[in-house]
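Next come the chains, spelled out residue by residue.
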Amino acid sequence: MEKIPLLLATDEQMDIGFDASANFMKRVQEGAYADISEYLANDPDFRNAIPESLWESVASGDGIYAVPAYKDFTVQWAFVAESGLLDKYNIDPASITDFQDIEVVLEAEKKEGDRAPLMLTASSWGHILMTGLLDDYDSIDELRYAFVNQDEGKTVQNPFKTEEFKELAEIMYDWNQKGYIHPDALTAENAEETFRVGGLKEGTGITNTGGMDYNLDSSLLANYGWEEVTALPTMEPTIVNANGSVFGIYEKCKNKELAYEFLKLWNTDPEVKNALYLGIPDQHYTVVDGKAQRVDNWDKLYHSRNWTTGNNVIAMLTVDEKDGKWEKYLENVKSARESQLLGFTLNTDNLADKQAVIESVLAEYMPPLMLGFVEPESGIQQLNEQLEIAGIDEVLAEIQSQYDAFLAGK
């Protein structure tokens, strides 16, 4: 992707290109991509094959400038616990509906004696923030210092000045005092080296399931050494911007209509999709009970990913994916709420320097606060003082200006 700006500046023929998020929207504004909305207006079958909320995420003004990858585009932060532990202590997953409810699980973990109840390290602070606040707020481009209230929806806020953040910090401080957080959590580079090597089993973790149980599949189970895990979400699934994986037709393309037809085929024909995603049958993968089993050294022969190759939901499942994975996800999407920020992409060109300083402040002050090692009131005060010195007010003002313009154009 680093070469794209240079290639766009030349006369080299370019038809279709992969892009993502802010870089994509920046290139849209620079005129790099062709508007395909007219093609889509005359092609309802293709338009309807991908959810409208995804098309909205690649729109600018009245135009649509790419085909978004139809993939997991919901956010749902959750605690993750070993299913066997929940069964042992008769903990009903349905009883866990908000952040503080997870304490009953942490109490059970502590009773086991050989566990670190919350498997957290200093790098986990962002997960705590998202799990604790995204039931009330939407995060702008996943920034951890610019939120919009889900109900009010118009004002860009510093989350660290909200009452909800204060309550979250108080919960974490209380949990630390009760021994739910490992005393070495702040200095540990990762949980495996500090906790597992020390003889402790996995406790409760935090992850973004994306509203899909399949995200708790093989990789997580292998890492945790568990037979089965259960997600305990503290927020409802939320549809967020989905322009993190898109394919657009370049304005310099000499045959835009043909390029559009290829993108349509790519995103509606499973055979074409599988070729781009999995490669050639019997050379890059074999079919086992209707699922793809990649050959040995596959990544050296044909390295590709579902989320970067168009429509995920029509792809053949791999052997480590659960049956009915996408059907279950699509059912989940029906109940998901739309983020207040759907369709908004932040231009950070004028913010990069201040953002870097803000991130350094967060890296220093947030881990001890979010892991409960400092008293909340003084910790929050010190954090906000340093953020103001770093220029957070100016950054939020610029974000607000862009967001106001976005709202005015909706």
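Further up the page is the structure itself.
The structure reproduced in this document is the subject of the present report. (Residues numbered from 1 in each chain as written. Predicted model: local features only at pLDDT ≥ 70, side-chain atom pairs only at ≥ 80, totals over all residues. Heavy atoms only, no water.)

1. Some remarks on the sheet that holds strand β7 (residues 137-139)
In step 1: Pairing within the open sheet is antiparallel, and its 3 strands lie in the order β7-β8-β9. Two strands close off the open sheet at either side, each with one partner strand: β7 and β9 (156-157).
In step 2: Pairing analysis gives 3 bridges linking β7 to strand β8 (residues 147-149), with the strands arranged antiparallel. Bridging across to β8, S139 finds its partner in F147. (Pairing = 2+ DSSP bridges. Helix = DSSP H or I, 4+ residues; strand = E, 2+ residues; numbered from the N terminus.)

2. Let's talk about the environment of I358
In step 1: You can see I358 is positioned in helix α16 (residues 352-370).
In step 2: Residue contacts for I358: discarding those within four places in its chain leaves Y145, L387, A390, G391, I392 and V395. (Contact = heavy atoms within 4.5 Å.)

3. Side note on helix α13 (residues 270-278)
In step 1: Taken together, the buried positions of α13 are K273, N274, Y277 and L278. For α13, the angular spread of buried residues about the axis comes to 95°, placing them on one side. (Buried < 20%, exposed > 50% of the residue type's maximum accessible area, 1.4 Å probe, protein only. Arc of directions from axis to C-beta.)

4. Some details on the side chain of E109
In step 1: Looking at where E109 falls in the secondary structure, it is placed in helix α7 (residues 103-112).
In step 2: A distance of 3.0 Å separates a polar atom in the side chain of E109 from a polar atom in the side chain of T204.
In step 3: Those residues within four positions of E109 in sequence are excluded, and the remaining contacts are L85, R115, P117, E202, G203 and T204. (Polar contact = N/O pair within 3.5 Å; in protein donor to acceptor, adjacent residues only side chain to side chain.)

5. Description of a negative patch on the surface
In step 1: Together, D136, D151, E163, E167, E170, E375 and E377 make up a region of like negative charge exposed at the surface.
In step 2: By residue number, the principal contributor to the negative patch is helix α9 (residues 163-177), which donates 3 residues.
In step 3: You can see E377 is positioned in helix α17 (residues 376-390).
In step 4: Since its relative accessible area comes to 60%, E377 is described here as exposed. (Patch = residues over 30% accessible without salt bridge, like charges linked within 9 Å, V, L, I, M, F, W, Y side chains within 5 Å. Areas by Shrake-Rupley, 256 points an atom, 1.4 Å probe, with all protein chains shown as cover. Salt bridge = Lys/Arg side-chain N within 4 Å of Asp/Glu carboxyl O. Lys, Arg positive; Asp, Glu negative; His and termini not counted. Charge placed at Lys NZ, Arg CZ, Asp CG, Glu CD.)

6. Digging into the side chain of T345
In step 1: With respect to the helices, strands and loops of the structure, T345 is situated in the loop between β16 (337-338) and α16.
In step 2: Exposure remark for T345: the relative accessible area of 15% places this residue in the buried category.
In step 3: Residues contacting T345, with those up to four places away along its chain left out, are S21, A22, M25, D141, N241, N243 and Q402.

7. As for the pairing of strand β15 (residues 291-294)
The side chains of a regular strand alternate, first on one face of the sheet and then on the other.
In step 1: Taken together, the 4 bridges between strand β14 (residues 285-288) and β15 define a ladder with antiparallel strand orientation. Bridging across to β15, Y285 finds its partner in R294.

8. Topic: the sheet that holds strand β13 (residues 246-249)
In step 1: Spatial ordering of the open sheet is given by β1-β13-β4, a layout of 3 strands whose pairing is antiparallel. Each end of this open sheet is capped by a strand with a single partner; those strands are β1 (16-19) and β4 (67-68).
In step 2: As paired strands, β1 and β13 are joined by 4 bridges and run antiparallel to one another. By the bridge assignment for β13, D19 is matched with V246.
In step 3: Taken strand by strand, helix α12 (residues 256-268) contacts β1, β4 and β13, and its axis lies near 160° from that of β13. (Axes fitted to C-alpha atoms, helices over the stretch in contact; angles between N-to-C directions.)

What is shown is where atoms sit, not what they do.
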